[in-house]
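A structural walkthrough
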Amino acid sequence: MKQVINLDDWNRKEHFNFFSAFDDPFFGVTTTVDFTNVYQQSKKRGISFFLYSVHFLLKCINDTTAFKLRIEKRQVVQYDKINISPTIGREDGTFGFGFFEYDANLDLFIENAGKEINRVKNSTGLSFSENTGREDVIRYSALPWFAFSEMKHAGSIKTGDSVPRISTGKLIQDEEKLLLPISISVHHGLMDGRNVAEFIQRLKDGQTTL
């Protein structure tokens, strides 16, 4: 479900019109977030860090309104729920696109994600499905081979795409902490740095309730 935002009543109307006219309206932020507790909880529960961390990311995304906004047919819409479309690697070195529907129930989320992982791993090419091209997603890639301090995300600017992109890297050991590199790319017509900061703060605060 989604609702159309009335631009005339929206306090970001002028910002939206201004940045939407740019050739490249996306801006990116790269930082590190302490994911020690996420990692420890995943190990304690015997759950893959990948799936556990993706579920946690989705929870924080769905708690941050700006990340639920999209541009569709020149209108701004707000979705009730945001899912995720991750890249899933295969043994032959290729990857395909998957779709994980967000469910607050961790066990159900992992069960459904596992089925989708199997689908992609047993397919070829980019493994597009009826869900991978949806707007109510975050495009996500995990890069567990290395840490990074900057990243440029691929995007379909000319097509009017407004879906946020998030990538995470290899955990960095910092004394007793495990820091996760995270790169976030979003449409400036829909949000500002303050909104990205809100999401990052939720990642930090949300770990206390795991």
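That block above? That's the structure.
Residues numbered from 1 in each chain as written. Predicted model: local features only at pLDDT ≥ 70, side-chain atom pairs only at ≥ 80, totals over all residues. Heavy atoms only, no water.

Focus on the overall build of the protein
Helix and strand counts for the protein come out as 5 helices and 10 strands. Against the globule reference of 17 Å for 210 residues, the protein gives a C-alpha radius of gyration of 17 Å, in line with a compact fold. Principal axes of the C-alpha set define a box for the protein whose edges measure 50 × 40 × 30 Å. Scored against the burial criterion, the 210 residues of the protein give a buried share of 46%. Summarising the internal contacts of the protein: among those between residues at least 6 apart in sequence, 67% fall at separations of at least 24. Carbon and sulfur atoms make up 50% of the accessible area of the protein, which amounts to about 11,400 Å² in all. With 26 positive and 27 negative side-chain charges, the protein shows a separation of 2 Å between the mean positions of the two kinds. (Helix = DSSP H or I, 4+ residues; strand = E, 2+ residues; numbered from the N terminus. Rg over C-alpha atoms; globule rule 2.2 N^0.38 Å. Buried < 20%, exposed > 50% of the residue type's maximum accessible area, 1.4 Å probe, protein only. Contact = heavy atoms within 4.5 Å. Areas by Shrake-Rupley, 256 points an atom, 1.4 Å probe, with all protein chains shown as cover. Lys, Arg positive; Asp, Glu negative; His and termini not counted. Charge placed at Lys NZ, Arg CZ, Asp CG, Glu CD.)

Observations regarding the sheet that holds strand β1 (residues 2-4)
One open sheet accounts for 3 strands, arranged β1-β4-β3; its pairing is antiparallel. Among the strands making up the open sheet, the edge pair consists of β1 and β3 (69-72). In this sheet, adjacent strand axes meet at a mean angle of 35° when their direction is disregarded. The sheet contact formed by β3 and strand β4 (residues 75-79) spans 4 bridges and is antiparallel. The partner of I71 across the bridge, within β4, is V76. (Pairing = 2+ DSSP bridges. Axes fitted to C-alpha atoms, helices over the stretch in contact; angles between N-to-C directions.)

Here we look at the side chain of R165
Inspection of the secondary structure assignment puts R165 in strand β8 (residues 165-168). Its relative accessible area of 9% is what places R165 among the buried residues. Of note is the side chain of R165, whose polar atom sits 2.6 Å from the side chain of D161. Within the local environment of R165, its side chain forms a polar contact with the backbone oxygen of V163, the two atoms lying 2.6 Å apart. In this structure, R165 is in contact with F26, R139, H153, A154, G155, S156, S183, I184 and S185, ignoring residues within four places of it in sequence. (Polar contact = N/O pair within 3.5 Å; in protein donor to acceptor, adjacent residues only side chain to side chain.)

Digging into the nonpolar core
Among the nonpolar cores identified, the biggest contains 40 residues, and F35, F100, I184, F199 and L203 are the most heavily contacted of them. If you list the elements that add at least two residues to this core, you get β2 (26-34), α3 (49-62), β4, β5 (83-89), α4 (106-121), β7 (137-142), β10 (177-187) and α5 (193-206). It is α3 that contributes the most residues to this core, 9 residues altogether. When neighbours within four sequence positions are excluded, I184 is seen to be in contact with F27, G28, V29, F67, H153, R165, I166, V196, F199 and I200. The next biggest cluster of nonpolar side chains, apart from the first, holds 7 residues, and it includes W10, L69, I71 and L190. (Core = buried A, V, L, I, M, F, W, Y, C linked by side-chain atoms within 4.5 Å.)

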